[in-house]
Amino acid sequence: MRNCKLTPCVLVALLLVGVLHLEAAMATDFTYGEALDKSLMFFEAQRSGKLPSDQRVKWRGDSGLTDGLAQGVNLVGGYYDAGDHVKFGLPMAFTVTMLSWGAIEFRKEITDLAQMGQTLWAIRWGTDYFMKAHPQPNVLWGQVGDGDSDHYCWERPEDMTTPRTAYKIDENHPGSDLAGETAAALASAAIAFQPYNSSYSALLLVHAKQLFTFADRFRGLYDESIGSAKNFYTSSGYSDELLWAAAWLYQATNEEYYLKYVVDNAVYMGGTGWAVKEFSWDNKYAGVQILLSKVLLEGKGGAYTSTLKQYQAKADYFACACLQKNEGYNVHKTPGGLLYVREWNNLQYVTSASFLLAVYSEYLSAANAKLTCPEGQIQPQELLSFAKSQADYILGKNPKSMSYIVGFGSKYPVHVHHRGASIPDVSVLQSVVGCVQGFETWYHRPQANPNVIYGALVGGPDQNDNFSDDRSSYEETEPTLSGSGPLIGLFSKLQSLNGINVPGYNRGSPNSHHQTIPSPSPNQHEKQVPNKVSGTPIKFIHSISNTWSIGKMTYYRHKVILKNTSQKPVTDVKLMIENLQGPLWGLSPTPEKNTYELLQWQKVLQPASECTFVYIQGGPQAKISILSYH
């Protein structure tokens, strides 16, 4: 973009090829679960470094394997920012914060969609990189690659010939905005990981605290220390990031020090002074104000209540401005109803605002409170309804009937401004594509991109709802990390309202009638599954969490919960699953026929703990039994 180990076996992979074929046959309307599915795929397409064996975006390969080598630091990994190959620290950190906030606030919804594992992997691909980029308490490597030289070339990341210069901030070259946002990312990720990997969560928190102290003690704008970032991600200030980091550290630690920080600095840093109509990688004030409103609404304000009420007043301003209830001081909207903030990649501002409204709706609902606007009181449900209207516009309910998420629906951008997607992958075109050759042969090519970059949210239409599907219209066709980060939480919440948990169900025209198939009663379908090894401490609860029909065939989504009912940890569990006809995720297959084991990062099932796997098939359920355990 330009200026403008892991989880329990609830970890679930995306639907495999068989399910993708299945969803192509499913009728008649889009679902947010499918959009979430594809959005997670986009993060895999943006990975830098050594790709894992379970990488699902097969047209991508290893890249950037020497990042940081010239500077004597390991900076392999992380994410490419957009259609280019620069790793910009500030928007990447904001993206991870948004992914983590979604995983925290909508944990149940994401888990019900069997996507928590993939969500945490998306977060961890960023946080692992951030911790490597933070080798000392007061040092943070904030960028790899140079935007100017990178944009002179059009080549696959696997063929990169542009300089991979790394840039850092330190005590003599501060960057409070960059260090603060990275601290927020690590603190929020620590909360997201805590239920699944407490040791990793604790490590994240150590780095988050150090980075906040660094950001606060050595103050300055990061783009004055990393000059090459100024033409691409210019910072408007760092006060919001300092408040943002402190607010997240309070959520992660419950330490009064951080709450006192946001209260003591509320006026000086603008937290209770700035009334904003934008929430983005650069401007965090609305996020700070809504996050601190949660403390107030939960009745935890104590001696800080009066200041927190001032924060909430500004949170209300932002929400009212989005809902057009702010006596004229509103966010501009296109004729088709889309929030319009910036000419360049406007949809990133839409997704962040929509996510924030969905979160605020949750907070207000939990407190049985209403939003107070100059034009009257608003029920929390109205915030969620407005967020839904923006999501629906993105997914195709707009004047162009165009889905702005690549690969979703029947009409979406096919000339995405993205180097890797626009050039055939190395397995197809095995010769190196040079810097200039990429422009001559592939950038100006009128045909659609050879690689579909599923889940990429492009920049979107202009202020009049017009959209040009052209690679050279990068303002409209380039995807960014920061645009997609808020979508995981937003889509999971919206999907939960439908009562349909199968990703890909009801795919099709956004204008067709939306049928909601009610979930069957748990009592109707839940039952205990017998174990092959008698007397095992592991009990199963097998339920059907969804059902739908295609022609004369009925399909079922089976959810199986394993629970350790003993007082001791159970390890090395092996299951036999017979009569399995469809895809299964949440377990790892073994070389033995019909035999599965828990995922590699969840080898131990603690006393009273549970984990889940899911499979889809028609006809009778599979036969599941325990083969062995320790």
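This one's a predicted model, so the numbers in the text were calculated from it and none came from an experiment.

J.: Is there a simple way to think about the state of the cysteines in this case?
T.: Here is the idea: a disulfide is a covalent bond, and it sits between the sulfur atoms of two cysteines. For the coordinates displayed, the defined rule picks out 2 disulfides. Here Cys153 pairs with Cys435 through a disulfide, and the sulfurs are 2.0 Å apart. On the sign convention where negative means left-handed, the S-S torsion of about -95° between Cys153 and Cys435 marks this disulfide as left-handed. Taken together, the residues span a long stretch of sequence, with Cys153 in the loop between α6 (147–150) and β3 (166–169) and Cys435 in helix α17 (residues 435–443) at a distance of 282 residues. Grouping residues by exposure puts Cys153 and Cys435 together as buried. Through a disulfide, Cys320 is tied to Cys373; the S-S separation comes to 2.0 Å. Across the disulfide from Cys320 to Cys373, rotation about the S-S bond amounts to roughly -95°, and the bridge is consequently left-handed. In this pair, Cys320 is assigned in helix α13 (residues 305–322) and Cys373 in strand β4 (residues 371–373), connecting sequence segments 53 residues apart. Like Cys373, Cys320 is buried.

J.: What's the story with the side chain of Asp240 in this structure? I'm lost.
T.: Mapped onto the elements of the fold, Asp240 is located in helix α10 (residues 239–253). At 5.2 Å, Lys284 is the nearest oppositely charged side chain to Asp240, a buried residue that forms no salt bridge. A distance of 2.9 Å separates a polar atom in the side chain of Asp240 from the backbone nitrogen of Lys284.

J.: I would appreciate a short explanation of the UniProt feature "active site" (unreviewed entry) in the chain in the present structure.
T.: The UniProt record marks His417 with the feature "active site" (unreviewed entry), using the residue numbering of this structure. Among the structural elements, His417 can be located in the loop between α15 (380–395) and α16 (419–422). What makes His417 buried here is its relative accessible area of 2%.

J.: Is there a simple way to explain the sheet that holds strand β2 (residues 140–144) in this structure?
T.: Consider a sheet: its strands pair through backbone hydrogen bonds, and that pairing is either parallel or antiparallel. Reading across from one edge, β1-β2-β3 is the order of the 3 strands in this open sheet, with antiparallel pairing throughout. The sheet terminates laterally at β1 (87–88) and β3, the two strands that pair on one side only. Note that β2 and β3 share 4 bridges and pair antiparallel. Bridge pairing in β3 links Val144 to Ala166. Along the sheet, helix α7 (residues 176–193) makes contact with β2 and β3, crossing β2 at roughly 100°.

J.: What am I meant to see in the nonpolar core here?
T.: Note on soluble globular proteins: their nonpolar side chains tend to be buried together. Core analysis: the largest hydrophobic core is formed by 150 residues, its most contacted members being Trp101 and Phe318. In terms of residue count, helix α14 (residues 347–366) provides more of this core than any other element does, 12 residues in total. Not counting chain neighbours up to four residues away, the residues in contact with Trp101 comprise Trp244, Trp248, Phe279, Gly287, Leu291, Phe355, Leu356, Val359 and Tyr363. In this structure, Phe540, Val560, Leu575 and Leu584 belong to the second largest nonpolar core, which totals 19 residues.

J.: Is there a simple way to think about the side chain of Thr31 in this case?
T.: Its place among the elements puts Thr31 in the loop between α1 (17–25) and α2 (32–45). A polar side-chain atom of Thr31 sits 3.4 Å from the main-chain amide nitrogen of Glu34.

J.: Explain the pairing of strand β15 (residues 610–618) here, please?
T.: The two faces of a sheet get side chains in turn, since along a regular strand they alternate between them. Among the 9 residues that make up β15, 8 are buried, leaving the element largely enclosed by the rest of the structure. Direction of pairing for strand β11 (residues 584–585) relative to β15: antiparallel, over a ladder of 2 bridges. Looking at the pairing, Trp585 lines up with Val614 of β15.

J.: Explain the packing of helix α5 (residues 116–132) against helix α8 (residues 198–217) to me, please; I cannot follow it from the model alone.
T.: Two quantities define a packed helix pair, namely the angle between the helix axes and the distance between the axes. Running from N to C, α5 and α8 cross one another at 50°; their axes reach a closest spacing of 11 Å. If you check the angle between α5 and α8, you find them oblique. Read as a crossing pair, α5 and α8 show a hand that is left-handed. Along its contact with α5, which presents Arg124, Thr127, Asp128 and Met131, the element α8 presents Tyr200, Leu203, Leu204 and His207. Classifying every residue of the contact of α5 with α8 gives 4 nonpolar, 2 polar and 2 charged.

J.: Could you clarify how one ought to interpret the packing of helix α3 (residues 89–105) against α10 in this entry?
T.: Where α3 meets α10, the closest approach of the two axes is 13 Å, and the angle between their N-to-C directions is 30°. You can see that α3 and α10 cross each other, and the crossing is left-handed. Along the contact surface, α3 presents Leu90, Thr97, Met98, Trp101 and Ile104, while α10 presents Glu241, Trp244 and Trp248.

J.: I keep staring at the packing of aromatic side chains and nothing clicks. Help me out?
T.: Each aromatic ring pair is described using two quantities: the centre-to-centre distance and the angle formed by the ring planes. For the coordinates displayed, the defined rule picks out 26 aromatic pairs. Centroid distance Phe106 to Phe355: 6.3 Å. Interplanar angle 80°. Geometry classified as edge-to-face. With Phe106 in the loop between α3 and α4 (107–112) and Phe355 in helix α14, the pair connects residues that are 249 residues apart, well separated along the chain. Judged on exposure class, the residue Phe106 and its partner Phe355 are both buried. Chaining the aromatic ring pairs together yields one cluster made of Phe94, Trp101, Phe106, Trp244, Trp248, Phe279 and Phe355. The positively charged end of Arg47 is found above the aromatic ring belonging to Trp125, 4.5 Å away from the centroid. Directly above the ring of Tyr200 sits Arg124, whose terminal nitrogen or CZ lies 3.8 Å from the centroid.

Rules used in this analysis
- Residues numbered from 1 in each chain as written.
- Predicted model: local features only at pLDDT ≥ 70, side-chain atom pairs only at ≥ 80, totals over all residues.
- Heavy atoms only, no water.
- Disulfide = S-S within 2.5 Å.
- Helix = DSSP H or I, 4+ residues; strand = E, 2+ residues; numbered from the N terminus.
- Buried < 20%, exposed > 50% of the residue type's maximum accessible area, 1.4 Å probe, protein only.
- Lys, Arg positive; Asp, Glu negative; His and termini not counted.
- Salt bridge = Lys/Arg side-chain N within 4 Å of Asp/Glu carboxyl O.
- Polar contact = N/O pair within 3.5 Å; in protein donor to acceptor, adjacent residues only side chain to side chain.
- UniProt positions renumbered as here; feature names shortened; annotations may be inferred.
- Pairing = 2+ DSSP bridges.
- Contact = heavy atoms within 4.5 Å.
- Axes fitted to C-alpha atoms, helices over the stretch in contact; angles between N-to-C directions.
- Core = buried A, V, L, I, M, F, W, Y, C linked by side-chain atoms within 4.5 Å.
- Parallel < 35°, antiparallel > 145°, perpendicular 65-115°, else oblique.
- Left-handed = near helix turned anticlockwise from the far one by under 90°.
- Nonpolar A, V, L, I, M, F, W, Y, C, P; charged D, E, K, R; others polar.
- Phe/Tyr/Trp six-rings, centres within 6.5 Å; stacked < 30°, edge-to-face > 60°.
- Lys NZ or Arg CZ within 6 Å of the ring centre and 35° of its normal.

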